Amino acid sequence: MITRFWAEIGTAILTLAFGLVIVKGSLEFGIGWDSSGPQPGAFPFYAGGLVALASLGTLALTFGKRLAGKAMLADAFLDAARGRRVLSFLLPLVAFVVLSVTLGMYVATILYLVFAMRFQGGYGWIASLATAILTAAFFYFALEKFFQIGLLKGPLEPLLGL
Amino acid sequence: MDNIANLMHGFEVALTAHHILLMIAGVLLGVLVGVLPGLGAPNGVSLLLPLTFSMDPVSAIILLASLYWGALFGGSTTSILFNIPGEPSSVATTFDGHPMAKQGKATEALSFAFLSAGFGALCGVVLITLLSGWVANFALRFSSPEYFAVYFMTFASFIGLGGASPFKTVVSMGIGFSLATIGMDSVSGNVRLTFEYDVLLAGVSFLIAVIGLFGIGELLLTMEEGLKFEGVAAKVRIGDVLRTATKLPRYWLALARSSLIGIWMGITPGGPTAASFMSYAMAKRSSRDPDKFGKGEPEGVIAPETADHAAGSSAMLPMLALGIPGSATAAVMMGGLMIWGLNPGPTLFTDRPDFVWGLIASMYLGNIVAVVIVLATVPLFASILRIPFAIIGPVIVVICFIGAFTAANREFDIWLALIFGLVGYLFKKLDYPIAPLVLAMVIGDKAEDAFRQSMIFSQGSLSIFWSNALVGTLMAIGLVLLFMPLIGAGLRRLRGQGETRTV
């Protein structure tokens, strides 16, 4: 179980790191003044600096509340049951993204929908396959034919002559 | 009256068969997007935007604006029937809307919601008609320092009035500004902050951020809640609608008050969500019978709905006249305007009057079309929610990623959408506001340009932001908004001391 306290701290450290990366990146381009006005790095430098400072603020505030014994921070951010539900949705979603860039978006759509319906939703093979293929076909005709927009394709589409 | 003549010209633009069809299509898509959890107005507009790149800008904005109205209405349908807000701005509608539906008064609740929402939206549009020309004229006097001051005001009000932790608001805003600077710098021509990654050369698109933060993030949250749709069946009969309509004037005070709250929150970037909550709280506080709220009081439906839609439509005023969006959805639309090659702001009124007034006229028509369509299609859209989440959830995921890819045909954007999705989930769970991030991404470049030009005028002195009455006033308002929480606390302490002295 993750408590709210650790979630707050972890997120604040992440945003702090983001701010520092932006600050470091901006320094390369100069944050001072040259003949054409403020140098290109100035604006992102201050934006990143604000992120870093405000993240420190959140860290300080969270530790302060912890010392003051605020009960809210001990609340569960994510317990086992909820975590499982999120992961059962997130992992197939990540798999869909990986499949999209390797096999193309249409194939990924079919595989993803079949998996979600057959193994997570408890539907039969026929219902799952039909829904998945119809959905992919709908996107194919709407995007490629009607709007003339191509999606990522993999090695399978040319075999089908699409 | 110049505005009326302009508006009539706008109606000529908007009242063509092609545009009416686009309105109907937009509203239907919008209701669909509003009904589905995980898809909201900002998302719907982001997903549809790439499909409008080849359209004429007037048609495109009519389609997107109608989708916005539809989404606002769709969000209330699910709030009332399923106790699940389809949109964050319709959360307050669940408090009394769902109890009404459970008492068998679903039709009455829906009619009240849609009719008062339509009323609120029309109030907002009337305001835009009357004021936009004037505001735009006023804004023509703005130069870079004034613009920067207005941007400052916008973000100051997020920090001061937003309700979230000020630190978290600053983090969200700063991330948005930082992301906006990635890629080509329009002033110096340098490529910035790509850290040697070629995929970052073209920058990070706000569309991907919206799709990830609002779409994927929201879906993960929905999954975590493990929600079940247990709806109340509803059939809407014309007779019931008319009977409810005759009861509506009784609530004139609530309607007027909520419209004002909505308009105010729409013009300042408080946005529809804050407006609906504030309006609900005001209605409850000023009611003779506050105990009835939460148990199915019609005023508890009317107040948030009117404010929600008044805010939604009046958020278009600062977007058109100043180039500052009043809500996340308006921010996405403004980004769209810039992609179509239009320059939102006062010059738009003189450069493209057909576009501006066509859009304003379409807001009148679009909202009327929306009220009729939502009333007619309640059973249809309610049945969509009966499709199990095991099917609809993954389909929404697919739509989001397809949308992310079509924004710029880049494989990298799919990964980016996934990252934004995880960030969105984390931020929502920890009460980081997301709208400032999106707004900062959209207006980041303009804010930076305004800042750099001001600095060039003044040779690097910040005193330029106090150099004349106009910019000084704007900056002062910004500072007051920024320190609003501190000022409020200080006043309370002063008053507290005063009381102890009298005792």
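Parameters at a glance
- Residues numbered from 1 in each chain as written.
- Chains lettered and ligands numbered in written order.
- Predicted model: local features only at pLDDT ≥ 70, side-chain atom pairs only at ≥ 80, totals over all residues.
- Core = buried A, V, L, I, M, F, W, Y, C linked by C-beta atoms within 7 Å.
- Buried ≥ 20, exposed ≤ 12 C-beta atoms within 10 Å, placed from the backbone.
- Helix = DSSP H or I, 4+ residues; strand = E, 2+ residues; numbered from the N terminus.
- Domains from an automatic or database assignment.
- Contact = placed C-beta atoms within 7 Å.
- UniProt positions renumbered as here; feature names shortened; annotations may be inferred.
- Expected span 1.5 Å × (residues − 1).
- Axes fitted to C-alpha atoms, helices over the stretch in contact; angles between N-to-C directions.
- Parallel < 35°, antiparallel > 145°, perpendicular 65-115°, else oblique.
- Left-handed = near helix turned anticlockwise from the far one by under 90°.
- Nonpolar A, V, L, I, M, F, W, Y, C, P; charged D, E, K, R; others polar.

**Topic: the nonpolar core**
Moving on, step 1. Counting 212 residues, the largest nonpolar core has Leu-64, Tyr-151, Ile-208, Ala-209, Phe-401, Ala-417 and Val-438 of chain B as the members making the most contacts within it.
Moving on, step 2. In terms of residue count, the dominant contributor to this core is helix H5 (residues 91–139) of chain B (19 residues).
Moving on, step 3. Counting contributing residues per domain, this core is built from domain 1 (2–78) and domain 2 (80–160) of chain A, each supplying no fewer than three.
Moving on, step 4. Setting aside residues up to four positions removed in sequence, Ile-208 of chain B forms contacts with Ala-404, Ala-407, Asp-413, Leu-416, Ala-417 and Phe-420 of chain B.

**Here we look at the environment of Ala-137 of chain A**
Moving on, step 1. By secondary structure assignment, the location of Ala-137 of chain A is in helix H5 (residues 125–147).
Moving on, step 2. Considered as a pair, Ala-137 of chain A and Ile-110 of chain A are 27 residues apart in the sequence and their alpha carbons are 9.5 Å apart.

**Re the UniProt feature "transmembrane region" (unreviewed entry) in chain A**
Residues and elements named next belong to chain A.
Moving on, step 1. In this numbering, the UniProt entry assigns the feature "transmembrane region" (unreviewed entry) to residues 5–23, 43–63, 89–117 and 123–143.
Moving on, step 2. Split by type, residues 5–23 is 100% helix and 0% strand. Its first and last C-alpha atoms lie 27 Å apart.
Moving on, step 3. Taken end to end, residues 123–143 is 90% helix and 0% strand, and its two terminal C-alpha atoms sit 28 Å from one another.

**A look at helix H2 (residues 42–67) of chain A**
Moving on, step 1. The terminal C-alpha atoms of H2 of chain A lie 37 Å apart, and with 26 residues this matches the ideal 38 Å at 1.5 Å per residue to within 8%.
Moving on, step 2. Positive phi shows up at Gly-69 of chain A, right after H2 of chain A, with a value of about 75°.

**Remarks on helix H4 (residues 57–82) of chain B**
Quick reminder: α-helices carry 3.6 residues per turn. Residues three or four places apart thus point the same way.
All names here are of chain B.
Moving on, step 1. Its 26 residues give H4 an end-to-end C-alpha distance of 37 Å, which sits within 8% of 38 Å, the value for a rise of 1.5 Å per residue.
Moving on, step 2. Across the 26 residues that make up H4, a large majority, 24, are buried.
Moving on, step 3. Note on H4: the residue one or two positions beyond its end, Asn-83, has a positive phi of about 65°.

**Comments concerning the packing of H4 of chain B against helix H12 (residues 298–314) of chain B**
Residues and elements named next belong to chain B.
Moving on, step 1. One way to put it is that H4 packs onto H12 with a least axis distance of 11 Å and a crossing angle of 165°. When the interaxial angle is binned, H4 and H12 end up roughly antiparallel. For the pair H4 and H12, the crossing hand works out as right-handed. Along the contact surface, H4 presents Tyr-68, Leu-72 and Ser-76, while H12 presents Glu-305, Asp-308, His-309 and Gly-312.
Moving on, step 2. Residue composition of the contact of H4 with H12, by class: two nonpolar, three polar and two charged.

**A short note on the environment of Ala-303 of chain B**
Residues and elements named next belong to chain B.
Moving on, step 1. When you line up the elements, Ala-303 lands in helix H12.
Moving on, step 2. Spatially, the C-alpha atoms of Ala-303 and Ala-117 are 9.1 Å apart, while their sequence positions differ by 186 residues.
Moving on, step 3. When sequence neighbours within four positions are dropped, the list of residues in contact with Ala-303 reads Ala-254, Ser-258, Ser-279, Tyr-280 and Ala-283.

**A few points about the domain arrangement of chain A**
Moving on, step 1. We note that the domain assignment places domain 1 (2–78) and domain 2 (80–160) within chain A.
Moving on, step 2. Taking only C-alpha atoms into account, the centre of domain 1 of chain A sits 37 Å from that of domain 2 of chain A.

**Looking at the interface of chain A and chain B**
Moving on, step 1. Opposite the 53 residues of chain A that make contact, chain B presents 46 residues.
Moving on, step 2. Elements represented by at least two residues in the side of chain A that touches chain B include exactly helix H1 (4–27), strand S3 (37–38), H2, helix H3 (80–103), helix H4 (105–120) and H5 of chain A.
Moving on, step 3. Of the residues assigned to the side of chain A that touches chain B, the class counts are 33 nonpolar, 17 polar and three charged.

**Concerning unusual backbone geometry**
Of all residues except glycine, most have a negative phi; of all peptide bonds, most are trans.
Moving on, step 1. We note that Asn-409 of chain B has phi near 55°; this positive angle belongs to a residue other than glycine.
Moving on, step 2. Locating Asn-409 of chain B in the fold gives a position in the loop between helix H17 (389–408) and helix H18 (411–429).

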